[in-house]
Amino acid sequence: MRVAVTGTPGTGKTTATERLREETDLEVIHLNEVLEEEELYTEVDADRESKIADLDGLAAWLDDAEDAEDAVIESHLAHHFEVDRVAVLRCHPETLEERLLERGETEAKASENAESEALDVILAEAVEEHGLESVYEIDTTDLAPEAVATELEAVVAGDREPSAGEVDFVGYLE
Ligand SMILES: Nc1ncnc2c1ncn2[C@@H]1O[C@H](COP(=O)(O)OP(=O)(O)OP(=O)(O)O)[C@@H](O)[C@H]1O
């Protein structure tokens, strides 16, 4: 079973999957680390000061990595790969913005991500690529990282029903 954990930056993917790694025997792969270690990026986007992932390179790396067969793949890009289930972490845009500013991101990056979260961008991509029956939304706004990890464990174990479209932050944009 390969499960993607995706979501807008700041929804808490890294934090929750680290808890998952500590508390269970699940294999957790942080794609950001793979991208850095294997230099799987095509160019550096100067304006945003971020690297552009080489999606084909990452897909090939996942195909070859023995421990990636049965694993939790964490990244805001994780839903672009071959996986059995997709957990989409969500967070109210205002809370998301606060989390990102606290983490030291710029105002521009924080508000851009808050808007993208309000527009369900990653959820829509996940549903388009994997279908409603494979997507599980987890609203992390009022959940501690341990509780998010518990929800993720339930997704992996098959103890949760697929859910997409239950979280609605569109009012934030009005
Ligand atoms: N459940 C939570 N409740 C409150 N704060 C959280 C929660 N999860 C993470 N945070 C905080 O929010 C910030 C973003 O978390 P984290 O880095 O895990 O997000 P991410 O989704 O992995 O982001 P990125 O895609 O940029 O790697 C961190 O400062 C973290 O401490």
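Since we're looking at a predicted model, the values are computed, not measured. (Residues numbered from 1 in each chain as written. Predicted model: local features only at pLDDT ≥ 70, side-chain atom pairs only at ≥ 80, totals over all residues. Heavy atoms only, no water.)

On to the overall build of the protein, then. The helix and strand tally for the protein stands at seven helices and seven strands. Over its C-alpha trace the protein gives a radius of gyration of 15 Å, about what one expects of a compact globule, namely 16 Å for 174 residues. Each of the three principal axes of the protein carries a C-alpha extent, and together these read 45 × 40 × 30 Å. Out of the 174 residues belonging to the protein, those deemed buried represent 45%. Entry remark: accessible area of the protein is about 9300 Å², with carbon and sulfur atoms responsible for 43%. Distance between charge centroids for the protein: 3 Å, based on 12 positive and 50 negative side chains. (Helix = DSSP H or I, 4+ residues; strand = E, 2+ residues; numbered from the N terminus. Rg over C-alpha atoms; globule rule 2.2 N^0.38 Å. Buried < 20%, exposed > 50% of the residue type's maximum accessible area, 1.4 Å probe, protein only. Areas by Shrake-Rupley, 256 points an atom, 1.4 Å probe, with all protein chains shown as cover. Lys, Arg positive; Asp, Glu negative; His and termini not counted. Charge placed at Lys NZ, Arg CZ, Asp CG, Glu CD.)

Quick look at the nonpolar core now. The nonpolar side chains of a soluble globular protein tend to be buried with one another. Residues I29, L31, L58, I73, V86 and V88 are the most contacted members of the largest nonpolar core, which totals 23 residues. Sorting the residues of this core by element identifies α2 (31-37), α3 (55-64), β6 (85-90) and α6 (121-130) as the ones contributing at least two each. Excluding residues that lie within four positions of it along the chain, V88 makes contacts with T6, I122, L123, A126, V135, Y136, E137 and I138. (Core = buried A, V, L, I, M, F, W, Y, C linked by side-chain atoms within 4.5 Å. Contact = heavy atoms within 4.5 Å.)

The environment of the ligand is made up of 14 residues, and the closest members are K13, T14, T15, R103 and L143. Within the backbone of T11, a nitrogen or oxygen atom sits 3.4 Å from an oxygen atom of the ligand. Contact with the protein chains covers 74% of the free accessible surface of the ligand, which is 630 Å². Top contributing element to the shell around the ligand by residue count: helix α1 (residues 13-23), with three residues. Taken together, the residues of the shell around the ligand sort by class into four nonpolar, six polar and four charged. (Near = heavy atom within 4 Å. Polar contact = N/O pair within 3.5 Å; in protein donor to acceptor, adjacent residues only side chain to side chain. Nonpolar A, V, L, I, M, F, W, Y, C, P; charged D, E, K, R; others polar.)

A word on the sheet that holds strand β2 (residues 28-30). Here five strands make up an open sheet; going across it, the order is β2-β5-β1-β6-β7 and the pairing parallel. A single partner strand is all that each edge strand has here, and the edge strands are β2 and β7 (135-139). In this sheet, neighbouring strand axes are inclined to one another by 20° on average, regardless of whether the strands run parallel or antiparallel. Relative to β7, β6 runs parallel, the two being bridged by five bridges. In the strand pairing of β7, L89 is matched with I138. Of the strands in this sheet, β1 (3-6), β5 (72-74), β6 and β7 are in contact with helix α7 (residues 145-157), which crosses β6 at around 160°. (Pairing = 2+ DSSP bridges. Axes fitted to C-alpha atoms, helices over the stretch in contact; angles between N-to-C directions.)

This part is about the environment of I29. With respect to the element layout, I29 can be found in strand β2. For I29 and V72, which are 43 residues apart along the polypeptide, the C-alpha to C-alpha distance reads 6.1 Å.

Another point: the packing of α1 against α7. Viewed as axis vectors pointing N to C, α1 and α7 meet at an angle of 70°, and their least axial separation amounts to 8 Å. Here α1 lies roughly perpendicular to α7, going by the angle between them. Seen from above, α1 lies across α7 with right-handed handedness. For the pair formed by α1 and α7, the contact residues are T15, A16, T17, R19, L20 and E23 on the first element and P145, E146, V148, A149, L152 and E153 on the second. Here the residues of the contact of α1 with α7 are counted per class, giving six nonpolar, two polar and four charged. (Parallel < 35°, antiparallel > 145°, perpendicular 65-115°, else oblique. Left-handed = near helix turned anticlockwise from the far one by under 90°.)

Next up on the list: the UniProt feature "binding site: ATP" (unreviewed entry) in the protein. Feature annotation in UniProt assigns "binding site: ATP" (unreviewed entry) to the following positions: G10, G12, K13, T14, T15 and R103. Despite a sequence span of 94 residues, these residues sit close together in the fold, their greatest C-alpha distance being 13.8 Å. Looking at where G10 falls in the secondary structure, it is placed in the loop between β1 and α1. If we ignore the near neighbours within four places in the chain, the residues touching G10 are L96, R99 and L100. (UniProt positions renumbered as here; feature names shortened; annotations may be inferred.)

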